Amino acid sequence: MSGDVDGYHHVDVQRAEDIFHQLERELSRRSDGEPSRTRTASFADHGKDLEKLESAGDEGHFNLRDFLQSSNDANQSAGIKHKHVGVTWEDLEVDVFGGADFKRTKSHSTCSAAIFNFFMYPIFYIWQLLLSMLHIKRTEMPKRTILHQQSGVLKPGEMCLVLGCPGAGCTTFLKTIANERHEYAQVRGDVRYAGIDAAEMAKMYKGEVAYNQEDDIHISTLTVGQTLDFALSTKTPGPNGRLPGLSRHEFNEKIEDMLLRMLNISHTKQTYVGDEFVRGVSGGERKRVSIAEMMATRAHVLCFDNSTRGLDASTALDFIKAMRAMTDILGQTTFATLYQAGEGIYELFDKVLVIDKGRQVFFGPPSEARAYFENLGYRSLPRQSTADYLTGCTDPNERLFAPGRSASDVPATPEALEKAFLKSSYANDMHLCLEEYKITMETENQDQIAFRDAVVADKKRGVSKKSPYTVGFFGQVKALVKRNFQMRMQDKFQLTTSYTLDTILALVIGGAYFNQPLNAAGAFTRGSVMFAAMLTSCLETFSELPAQMLGRPILKKQTSYSFYRPSATVIANTIADMPFSFIRITIYNIIIYFMANLDRNGGAFFTWELFSYLAFLAMQGFFRTFGLMCTNFDSAFRLSVFFVPNMVQYIGYTIPVQQMKRWLFWIYYINPLGYAFSGVLENEFGRITLECDGNYVVPRNLPGIDKYPDTLGPNQVCTLIGSSPGSTTVTGASYIQAGYSLNIDDIWRRNFLVLLGFFIAFQISQIVLIEFYPQYHGQAGTIIYAKPTQKVLDLNAKLNERKALRGISKEDQEFDEKSDLEKSDVKNEDRDVAIRRRTFTWEAINYTVPVPGGQRRLLHDVYGYVKPGTLTALMGSSGAGKTTCLDVLAQRKNIGVITGSMLVDGRPIGGDFARGTAYAEQMDVHEGTATVREAMQFSARLRQPAHVPVEEKDAYVEEMIELLELQGLSDALVFSLGVEARKRLTIGVELASKPELLLFLDEPTSGLDGQSAWNLVRFLKKLARSGQAILCTIHQPSSLLFESFDRLLLLETGGETVYFGDIGPDSSVLREYFARYGAMCPANVNPAEYMLDAIGAGLAPRIGDRDWADIWRDSPEYQVMRDDIEKIKQQGLSLPVPEKKGETTYATPFWVQLREVVRRNNLALWRSPDYVFSRLFIHAFISLQISLCFLQLGHTLRDLQYRVFAMFWATILPMIVMAQIEPLWIFNRRVFIRESSSRIYSPYVFAIGQLIGEIPYSIMCAFVYWILMVWPMGFGQGSAGSNGNGFQFLVILFVELFGVTLGQFIGAVSPNIQTAALFNPFIGLILTTFCGVTIPFPTMESFWRSWLYQLDPYTRVLSSMLSTELHGLSVTCQSEEFSRFNPPSGQTCIDWAGDFIREAGGYLDNPSDTSDCRYCQYTVGDQYFTPLNIEYSNRWRDVWIVFCFFVFNFIVTIVASRLLRYAKR
């Protein structure tokens, strides 16, 4: 941060010095008192004089000029090179995919299209391959130019303001200058940085050019201090780039302190950054955190995209002044696009660039831009800021022509304006300056050499000179590990939930398989406990899939800042997870291992722990790999499910390797779980010996039989696999060798090494994918439209007709508006009598919230009122509590304590208050798959009174679309809209409700250009004149905009009221109030900006020696306001009590709500092809994959077992459905939370609507699964026949619905996706373990058998399916399936074993033989399921019990939706 820019400094040095002196005074007086004041747990000392607080000590004294200048001087003295990077761009053009009239419709991305594309993809792929082989040129996708040829130069120490209407190309220009080109089809032209071309800059100096995007993207659970600490830790210069003796830690602290103080957010250092659903800093403060994070990069080419959005006027001006100071002193090159830039901000820039539809229509000095456009023939409005005027000249709907001029003789199109500019002297000057600078860079390239040397000096030792990173790879990993560790430690809920659920899981598994015996009966269940324990812990890692998707925006931003290599996150995530996952898995393993009585040997346990944890890490890497590989969650889910069932099926447990189909057995050898399971089996069974007794001896004594020996005799056989004739014991090694073809010698030489190899391979695959095939860059924002119906086309035609008829002159339009306003004033009183408008008042409002260590008061004794027919502004500095106050008044807060009174006409607010108000919130949360028109129609139909015809509601929506100038976007899908369009939609959705009582708007003009903001406020004024009461927060209003408001509620830090009252014509009333107490507003200054400066809202010191809140409480205006509130209350109470007979919480009846919500949900699902097709694909694939394993089953004993396994897979369906439904539910709940606050529809409707939307797809999925299951596997060969197959469809359908409702219930009780994913293994394990299959009913512990077995819905699922399929199914053993024994001498097989067979069932293949008796365990399938407590006669009872579980899930989901919102605000 050094250098001297005298060689390029064309800016008035004296002006820069003046700015520094002003900032010096401001920061000196403000820096100490503010943080101490806002950090206090309570605001009891708030009334103390600020100057006294500031004078308490000079330890925190900060002087911006001294800091920058002394740093600069010290750096020069130490020989640290400067970084001066001038930027030139010549013939710059940007193309995106899509033709000139390209309009992407959603018809290409619906469910039917997804299914068609899936089946046609192989054909298209082969066709494209043939074209390539035959060297036939493919048809290229058409492109369109969104940024036309532009040229210019910005030297070090200069600032350029980029202006244009939304969609003009300002963001594209900034991104291109910042070298962010990934999302565009093609970028042409030459962009150079100090003479260095863009390719070299991107490769070696990427972090020296930074782009600050409009949206604030942060990790919400990190504090502001932690966010900046991380940014600085990856950008700390090496020893050659720092002052001698200054450590890395000291350097970081110094820079962090400067950034926090410069942006006036020191008090937020220990506060969460937050987002729309995590309470943290205010919106304005979050914007300043984004700016601070970008500035921590120490880049010298800075591009700010509307970075003052959400900042109040004073703070915005302070920020630009700070940028001006840093640009001047440090030689930075700064580009910024700003909406609603005031004159004070505009004058701080050196150059202004105006863009119209991607064309450069002006580039030159800001002081001459207004005159240039006026000379072209454009007229400006009185007191209109220059920035608004320049932007308005490019807006066909808003520009005004000079008297006697019109579009016929004024350049009025983008092409004409561009042509006029290219002919002007400004274009000639620009080209001359560009050529001169290029020559300078080629001949006198000291700046380039100094820049390269400075970048090299900044690097830490060991970092390559060609690397764009300041810190080496291991330093990046270290910083990321620390950040990830902080994230996990601060997410207490998820940490507690994961440990608790895993502990409960372990206790359940250990309890289910408690104290396994060392005999034949414990052999299979001993394998089961290892299978269940390892599989459960490994499949927990499925939650990595959504986590990878959610982290992409952060990754994209921070890698663009060159904080770290993308691959560093792979290593860091694994390392940071290890302490948490290792402890959790160890606790889990200890509980299961010792409760199940596995071999109690230290070596055995630690081997189990090693294999189990290594398998966990391998599967974690597996899911993360797919999360990085795929573009969205549904495609990743689809691909994962392609592999996971194969991993489970071919693990070597349900189907031993030697019995796998020959064309599929190779899957076992590429399955990491197979090696892990083999390892734990070999570890356990290689150490134990099993006793053969009980049911594993044939023939044996049964009740009423005592002819056979009690121990294994010479004429009996042990049926346990691996047994030897005459031996009473079986070694574990023999058991797994015979049953699973496993060799205990392979545990280390094969299984461990291969499993370790899988872990390393998945780490490498993640690194390769994230470095070379990143999925986080995305594409340029393409607006996607729904395919219009004929009705929609007719509506669009009418909108376009009305737009074309707006041909009256602006003067006539303004006269008509003034006339309308005058008429409305006259009629207001009569209308109020007819409509009976009510007044909203509030008194002594205090609001406190819990914080660590106590309570914090955010609002203090706020008074005010909003009368019908008035427009009231709520203003204050960023963080003063504007949004908080609006939330409190709108009844949107659900945490903290609110005291005071809020009355409507002097009476307490009723249950219909929320319905009678509308609240356009700051965060734009909408149903993404709806169109703009559909979103507004949904609001109008459910929020306007039920007696209003739908046609009238829809007609009003068309008026709102026209008013908000959304005609061209009426069919656009919400998720594809830009920031500005989403903001207009948010306002439109609320306006469509036609609120009867009050309209709240939180920063409605943020993100809008000056003309759009003026149009919106002008419309609000018209609404107010018609009797509507409006209260809205507003930032950075122009003086013209400010005068449109009738009253002002002004807050200062701490939620203290500074003023409430009329504004007056030309702000005369407000000016007079402040002038009376020493704050005289100059005539040429915007009063909205001045009053904020006067109260010390920004960096400027307040005017006067008293706190303005104290002045207000002692003023006569305060007493007048209190008297007015009393009068309003008395007048309201004197009127008759309103009739409450028809008062309801919601505007429309339940069935109307349900109809509209279901319609929207159905459309949303139809327009979500990835979700629907993924679900269908998964069902088809699992069913087909299982069918291929068990193709055309016969009547053998093994086939009988395989039929059971195949039916058991039906119980896996709910787990798969849940994993897909839970994220969708939670995303939809975000929209519901916003809509429910306005009482649009009830939580019951939300829950019912979600289920109804899923039912058609559930039926389709169940049908596909059933079709691919019953016939390929040869079902229906028992007594039930083909009718039994139909019954199986009913069971599968109920299982599918059960899974849907269970997933929705888990989503309803979970605060986020990660937590929901933790529940799935727990629930899946409980349901599958105690259903009587994995642990047979006779061997299950009586404790579980007495209640959990009965409550398990899978018990009924498998009972009904098994009894239907196996009833009457004949069983014929193959040769190797017979139990062979020799009868005593002189007896035939039937003589010796007849008594046993009559009781136990089964048959003898050779009853008359006297040797080598062959016994088959079953004769008919009923003999298999009867001992499992299953009866064929109960199958209908069981299937309807499953249906009852579905109904129960549905009911508890509705209840959970009503009680749990997880929206703390």
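Note that residues are indexed from 1 along each chain, following the sequence as it is written. With the structure being a predicted model, the display of local features is reserved for residues of pLDDT at least 70 and the display and counting of side-chain atom pairs for 80 or more, all residues being used for whole-chain, interface and lining totals. With hydrogens and water stripped out, all remaining heavy atoms of the structure feed into the side-chain values.

S.K.: An account of the overall build of the protein chain is needed here, citing residue identities and associated values.
M.R.: Looking only at helices and strands, the protein chain has 54 helices and 31 strands in total. The buried label applies to any residue whose accessible area, calculated with a 1.4 Å probe on protein chains only, is under 20% of its type's maximum; exposed applies above 50%, and partly exposed to all values in between. Buried positions account for 61% of the 1465 residues belonging to the protein chain. Once local pairs closer than 6 in sequence are excluded, the contacts in the protein chain between residues at least 24 apart make up 80%. Total accessible area computed for the protein chain in this model is approximately 55,900 Å², and 57% of it derives from carbon and sulfur atoms. Strands here are runs of E lasting at least two residues and helices are runs of H or I lasting at least four, both read from the DSSP assignment and numbered beginning at the N terminus. It only takes one pair of heavy atoms within 4.5 Å for two residues to be counted as in contact. Every accessible area reported is derived by Shrake-Rupley at a probe size of 1.4 Å, with residue values counting cover from the shown protein chains alone.

S.K.: Give a description of the pattern of salt bridges that names residues and reports values.
M.R.: Take a side-chain nitrogen of Lys or Arg and a carboxyl oxygen of Asp or Glu: if they are within 4 Å of each other, that pair is a salt bridge. Taken as a whole and judged by the stated rule, the model has 60 salt bridges. Put simply, glutamate 1156 and arginine 941 hold a salt bridge, and the shortest N to O gap is 3.6 Å. Here the residue glutamate 1156 occupies a position in helix H43 (residues 1150-1166), and arginine 941 occupies one in helix H34 (residues 932-943), the gap between them amounting to 215 residues. Arginine 941 shares its class with glutamate 1156; the two are buried.

S.K.: Hey, could you go over the state of the cysteines for me, with residue numbers and the actual values?
M.R.: Cysteine sulfur atoms that pair up within 2.5 Å are treated as a disulfide. Going through the model one piece at a time under the given rule, you end up with three disulfides. The disulfide that involves cysteine 1373 links it to cysteine 1416, with 1.9 Å between the sulfurs. Around the S-S axis, the bridge from cysteine 1373 to cysteine 1416 shows a dihedral of about 70 degrees and counts as right-handed. Taken as a pair, cysteine 1373 in the loop between helix H51 (1353-1366) and strand S29 (1379-1381) and cysteine 1416 in strand S31 (residues 1413-1416) lie far apart in primary sequence, 43 residues in all. Cysteine 1373 sits in the buried class, given a relative accessible area of 7%. The buried category is assigned to cysteine 1416, whose relative accessible area is 0%.

S.K.: Mind laying out the packing of helix H24 (residues 602-629) against helix H29 (residues 746-772), listing which residues take part and the relevant values?
M.R.: In this analysis an axis means a line fitted to C-alpha atoms, helices contributing only their contacting stretch, and an angle means the value between N-to-C directions, from 0 to 180 degrees. One can describe the packing of H24 onto H29 by two numbers: an axis separation of 9 Å at closest approach and a directional angle of 25 degrees. Between H24 and H29, the angle falls in the class roughly parallel. In this structure, H24 meets H29 at a crossing whose hand is left-handed. Grouping the amino acids of the contact of H24 with H29 by side-chain chemistry returns 18 nonpolar, seven polar and one charged. Angular relationships are summarised with four words: roughly parallel below 35 degrees, roughly antiparallel beyond 145, roughly perpendicular across 65 to 115, and oblique for the angles in between. For any helix crossing, the convention is left-handed if the near helix is rotated counterclockwise from the far helix by under a right angle, and right-handed if that rotation is clockwise. Amino acid classes used here: Ala, Val, Leu, Ile, Met, Phe, Trp, Tyr, Cys and Pro are nonpolar; Asp, Glu, Lys and Arg are charged; the rest, including Gly, are polar.

S.K.: Could you give me a rundown of the sheet that holds strand S1 (residues 87-97), with the residues and numbers involved?
M.R.: Strand order in the open sheet formed by four strands is S3-S1-S5-S6, with antiparallel pairing between adjacent strands. The open sheet is flanked by strand S3 (143-154) and strand S6 (196-197), the only strands paired with a single partner. Here, any two strands with at least 2 DSSP bridges between them count as paired. The pairing of strand S5 (residues 186-193) with S6 spans two bridges and is classified as antiparallel. Bridge assignment links tyrosine 193 to a residue of S6, and that residue is isoleucine 196.

S.K.: Just give me the short version of the confidence of the model for the protein chain, but keep the residues and values in it.
M.R.: Across the protein chain, the average pLDDT comes to 82, with 88% of residues at or above 70. Note that pLDDT drops below 50 for residues 1-62; the model gives that stretch 139 contacts with residues more than four away or on any other chain. pLDDT measures how confident the predictor is about each residue, on a scale from 0 to 100. Across residues 807-835 the pLDDT falls below 50, and counting only partners more than four positions away or on other chains, this stretch makes 24 contacts in the model.

S.K.: Now, about helix H35 (residues 950-963): what can you tell me, with residues and values included?
M.R.: A helix's residues, less one, multiplied by 1.5 Å, set its expected span. Look at H35: 20 Å from first C-alpha to last across 14 residues, which is about the 20 Å you get at 1.5 Å a residue. Listed as buried for H35 are Lys953, Asp954, Tyr956, Val957, Glu958, Met960, Ile961 and Glu962. Buried-residue contacts for H35 involve helix H30 (790-804), H34, helix H36 (979-991) and helix H37 (1010-1025). A positive phi of about 55 degrees marks glutamate 965, the residue just after H35.

S.K.: Could you give an account of the pairing of strand S20 (residues 854-866), with specific residues and numbers?
M.R.: Judged from the nine bridges that link them, strand S19 (residues 840-851) and S20 form a sheet pairing that is antiparallel. Residue threonine 848 lies in a different strand from S20, and its bridge partner there is arginine 857. Linking S19 back to S20 in an antiparallel pair, the connection comprises two residues, with glycine 853 at a positive phi of about 95 degrees.

S.K.: Can you break down the nonpolar core residue by residue, with the values?
M.R.: The biggest cluster of nonpolar side chains holds 188 residues, and the ones touching the most others in it are Met530, Phe677, Ile1182, Phe1190 and Tyr1241. It is H24 that contributes the most residues to this core, 14 residues altogether. When near neighbours in sequence (up to four residues on either side) are disregarded, methionine 530 contacts Leu598, Trp608, Phe677, Val680, Leu681, Glu684 and Phe685. One finds Ala299, Ala336, Met441 and Val455 within the second-largest nonpolar core, a separate group that totals 124 residues. Residues grouped as a nonpolar core are buried Ala, Val, Leu, Ile, Met, Phe, Trp, Tyr and Cys residues, joined through side-chain atoms within 4.5 Å.

S.K.: Account for the sheet that holds strand S30 (residues 1403-1404), naming residues and giving values.
M.R.: Each strand in a sheet pairs with another by means of backbone hydrogen bonds, the pair being arranged parallel or else antiparallel. Taken in spatial order, the three strands line up as S29-S31-S30 in an open sheet, and their pairing is antiparallel. The sheet terminates laterally at S29 and S30, the two strands that pair on one side only.

S.K.: So, unusual backbone geometry: which residues are in play, and what are the values?
M.R.: Residue valine 698 is joined to proline 699 through a cis peptide bond whose omega torsion reads -15 degrees. Even without being glycine, asparagine 1429 reaches a positive phi, approximately 65 degrees. With respect to the helices and strands, the residue asparagine 1429 is situated in the loop between helix H53 (1422-1425) and helix H54 (1435-1459). Assessed through its relative accessible area of 39%, asparagine 1429 is described here as partly exposed.

S.K.: I'd love a proper account of the packing of helix H46 (residues 1213-1237) against helix H48 (residues 1281-1309), names of residues and values included.
M.R.: In the contact formed by H46 and H48, the axes pass within 7 Å of each other and the chain directions differ by 40 degrees. Classified by the interaxial angle, the pair formed by H46 and H48 is oblique. Considering only the axes of H46 and H48, their crossing is right-handed. Note on element contacts: H48 touches H46 through Ile1292, Val1295, Glu1296, Phe1298, Gly1299, Val1300, Leu1302, Gly1303, Gln1304, Ile1306, Gly1307 and Ala1308, opposite Leu1213, Pro1214, Val1217, Met1218, Ile1221, Glu1222, Trp1225, Ile1226 and Arg1229. Residues belonging to the contact of H46 with H48 are distributed by class as follows: 14 nonpolar, four polar and three charged.

S.K.: So what's going on with a nonpolar patch on the surface? Residues and values would help.
M.R.: The residues that make up patches have over 30% relative accessible area and no salt bridge, and they are joined within 9 Å when like-charged or within 5 Å when they are Val, Leu, Ile, Met, Phe, Trp or Tyr. A cluster of nonpolar side chains, Ile760, Ile764, Val768, Phe772 and Tyr773, forms an exposed patch at the surface whose accessible area comes to about 520 Å². Looking at the element boundaries, phenylalanine 772 is found in helix H29. You can call phenylalanine 772 exposed: its relative accessible area is 61%.

S.K.: So, the environment of glutamate 180: which residues are in play, and what are the values?
M.R.: By the element assignment, glutamate 180 lies in the loop between helix H6 (170-177) and S5. A C-alpha to C-alpha distance of 7.8 Å links glutamate 180 and serine 560, two positions 380 residues apart in sequence. In contact with glutamate 180, other than residues within four places in its own chain, are Lys175, Tyr211 and Ser560. Here serine 560 takes part through its side chain, which lies 3.5 Å from a polar atom of the side chain of glutamate 180. Each polar contact in these results corresponds to two N or O atoms within 3.5 Å; when the atoms are within protein, one needs to be able to donate a hydrogen and the other to accept it, and residues that are neighboring in sequence are counted only if both atoms are side-chain atoms.

S.K.: Tell me about the packing of aromatic side chains, and please be specific about residues and values.
M.R.: Stacked, edge-to-face and tilted are the three classes for Phe, Tyr and Trp ring pairs, Trp counted by its six-membered ring, which pair at centre distances within 6.5 Å; planes under 30 degrees apart are stacked, over 60 edge-to-face, the rest tilted. In the structure shown here, the tally under the stated rule is 85 aromatic pairs. Relative to phenylalanine 563, the ring of phenylalanine 230 lies with its centre 6.2 Å away and its plane at 85 degrees, an arrangement referred to as edge-to-face. Of this pair, phenylalanine 230 sits in helix H8 (residues 224-233) while phenylalanine 563 sits in the loop between helix H22 (552-560) and helix H23 (566-595), and the two are 333 residues apart along the sequence. Since its relative accessible area comes to 5%, phenylalanine 230 is described here as buried. Both rings, one in phenylalanine 1232 and one in tyrosine 1241, keep their centres 5.7 Å apart while their planes meet at 35 degrees; by these two values the pair is tilted. Given the relative accessible area of 1%, phenylalanine 1232 is considered buried. Tyrosine 1241 sits in the buried class, given a relative accessible area of 2%. The structure contains a cluster of three or more aromatic residues connected by ring pairs, namely Phe622, Phe623, Phe626, Phe643, Tyr668, Tyr669, Tyr675, Phe758 and Phe762. Here the guanidinium or amino end of arginine 1345 rests over the ring plane of phenylalanine 1337, the centre of that ring lying 5.2 Å away. Lysine and arginine charges are scored as sitting over a ring when NZ or CZ, respectively, is within 6 Å of the ring centre and within 35 degrees of the ring normal. One cation-aromatic arrangement involves arginine 1435 over tyrosine 1432; the distance from NZ or CZ to the ring centre is 4.0 Å.

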